[in-house]
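# Examination of the molecular architecture
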Amino acid sequence: MKRSLLLIPLILLALWAGTTWIIGSYTQSGFDIALEKVNQQLAATPAQTSISQDSYSRGFLSSQAITKISHASKAESEENDVFLKFQAWHGPLMFTPKGLKFGNQYVIVTLAKDQLPEKICEKIEAGFKGKEAFEIAIFSGFDGQVDVEASISPFSSDEKSNTTLQFEGLTGQISTDHQGSFAKGSLKFGALTFADKKSGDTLSIAALIACRNPGVPPSSLASMSVI
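First, a word on scope: everything that follows refers to the structure included in this document.

### Side note on the overall build of the chain
What the chain contains, in helices and strands, is three helices and 17 strands. Taking as baseline every contact in the chain between residues at least 6 positions apart, the subset at least 24 positions apart corresponds to 42%. For the chain, the exposed area adds up to about 14,600 Å²; of that, 61% sits on carbon and sulfur atoms.

Given below as structure tokens:
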């Protein structure tokens, strides 16, 4: 009887491990397809920007990928390249920094600061006061629902500079599905002020709050002024 009872947690553990490996094995292929689709969309815009995979590290419980966003023109300096870090946890049971989650996959996207030039990294650290510049968390459930949480930390540029930027940050939550057939959530955009001391131009954008629910038009309160 006791041996039979011990088999139950062992079977559950084996099932969890097997499911984790199966789900995780599709992470890299899905990631490559997603990058391909994004590049197809970027090709139709005048941005001349492309995104490519810089590295991929496959793990059992989680995987990590680094992508590079660069200008398509070779004339642009490589110092303008931006690197993003994708940390993906494989379901069904995921031990993430945001707690235990049960689902298909959980991904956190952040700026890969260690891939940037030292001078640019120092400016980012100073402007965001050592906090993460931005974070996008994406949860994919077994029912097909996708929940996205995004945030940008408050930013303050050097007051001694000829151009200054003050931004109160951004937070948002959106729920959708893999097909994007619906979207509901909210977005809070903090106040932003930009000033050019040489020209005397100033751009101010007041705080913006937007809400979206299926069948309900988006609502927002915003104002903009250029002095």
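### Description of the environment of serine 156
Among the secondary structure elements, serine 156 is positioned in strand E9 (residues 155–156). For the pair serine 156 and leucine 192, spaced 36 residues apart in sequence, the C-alpha separation works out to 10.0 Å. Not counting residues within four places of it along the chain, the set of residues in contact with serine 156 comprises Ala126, Gly127, Lys129, Leu165 and Gln166. Of note is the side chain of serine 156, whose polar atom sits 2.9 Å from the side chain of glutamine 166.

### Brief notes about helix H3 (residues 118–127)
Along H3, the positions that sit buried rather than exposed are Cys121, Ile124 and Gly127. Each buried residue of H3 sits inside an arc of 130° when the element is viewed along its axis, so together they form one side. Turned more than 90 degrees from where H3 packs its buried face, Glu118, Lys119 and Lys123 sit exposed. Looking at the packing, one finds that the buried side of H3 touches strand E6 (105–111) and E9.

### As for the side chain of serine 70
With respect to the helices, strands and loops of the structure, serine 70 is situated in strand E2 (residues 62–71). Not counting residues within four places of it along the chain, the set of residues in contact with serine 70 comprises Gln48, Thr49, Ser50 and Asp81.

### Some points on the packing of aromatic side chains
For the coordinates displayed, the defined rule picks out six aromatic pairs. Measuring from centroid to centroid gives 6.1 Å for tryptophan 89 and tyrosine 106, while their planes differ by 45°, and the two rings are tilted. You can see tryptophan 89 sitting in strand E3 (residues 82–90) and its partner tyrosine 106 sitting in strand E6, a full 17 residues away along the chain. With respect to burial, tryptophan 89 and tyrosine 106 carry one shared label: buried. Here the aromatic cluster, defined as three or more aromatic residues joined through ring pairs, consists of Phe31, Tyr56 and Phe86. For the cation-ring pair, lysine 101 lies above tyrosine 106, with the distance from its terminal atom to the ring centre recorded as 5.0 Å.

### Focus on the nonpolar core
Ranked by internal contacts, the top residues of the largest apolar core, which has 22 residues, are Phe31, Phe86, Leu111 and Ile124. Listed by contribution, the elements that provide at least two residues to this core are helix H2 (27–43), strand E1 (49–57), E2, E3 and E6. Residue contributions to this core peak at four residues, all from E3. The contacts of phenylalanine 86, once residues within four sequence positions are left out, are Phe31, Ser63, Gln64, Ala65, Thr67, Val107, Ile108 and Val109. Formed by six residues, the second largest nonpolar core is a distinct cluster that contains Trp89, Met94, Tyr106 and Phe139.

### Examining H2
Between its terminal C-alpha atoms H2 stretches 24 Å, which fits the 24 Å expected from 17 residues at 1.5 Å a residue. Every buried residue of H2 is listed here: Thr27, Phe31 and Leu35. Looking straight down H2, one finds its buried side chains confined to an arc of 70°; they lie on one side. Residues of H2 that are exposed and point more than 90 degrees away from the buried face comprise Lys37, Gln40 and Ala43.

### Remarks on the layout of surface pockets
Reported here for the largest pocket is a volume of approximately 1,100 Å³. Forming the walls of the largest pocket are 30 residues, and the residues nearest its centre are Gly30, Phe31, Ala34, Gln105 and Ile138. When contributions to the lining of the largest pocket are tallied by element, the ones reaching two or more residues are H2, E1, E2, E3, E6, strand E7 (134–140) and strand E11 (170–177). Top element by residues in the lining of the largest pocket is H2. It accounts for nine residues. In the lining of the largest pocket, the residues fall into 18 nonpolar, ten polar and two charged.

What counts, and at which threshold
- Residues numbered from 1 in each chain as written.
- Predicted model: local features only at pLDDT ≥ 70, side-chain atom pairs only at ≥ 80, totals over all residues.
- Heavy atoms only, no water.
- Helix = DSSP H or I, 4+ residues; strand = E, 2+ residues; numbered from the N terminus.
- Contact = heavy atoms within 4.5 Å.
- Areas by Shrake-Rupley, 256 points an atom, 1.4 Å probe, with all protein chains shown as cover.
- Polar contact = N/O pair within 3.5 Å; in protein donor to acceptor, adjacent residues only side chain to side chain.
- Buried < 20%, exposed > 50% of the residue type's maximum accessible area, 1.4 Å probe, protein only.
- Arc of directions from axis to C-beta.
- Phe/Tyr/Trp six-rings, centres within 6.5 Å; stacked < 30°, edge-to-face > 60°.
- Lys NZ or Arg CZ within 6 Å of the ring centre and 35° of its normal.
- Core = buried A, V, L, I, M, F, W, Y, C linked by side-chain atoms within 4.5 Å.
- Expected span 1.5 Å × (residues − 1).
- 1 Å grid on protein atoms, 1.4 Å probe; cavity = no way out; pocket = protein on both sides within 12 Å on 5 of 7 lines; lining within 4 Å.
- Points joined across faces, edges and corners; volume = space filled by probe spheres on them.
- Nonpolar A, V, L, I, M, F, W, Y, C, P; charged D, E, K, R; others polar.

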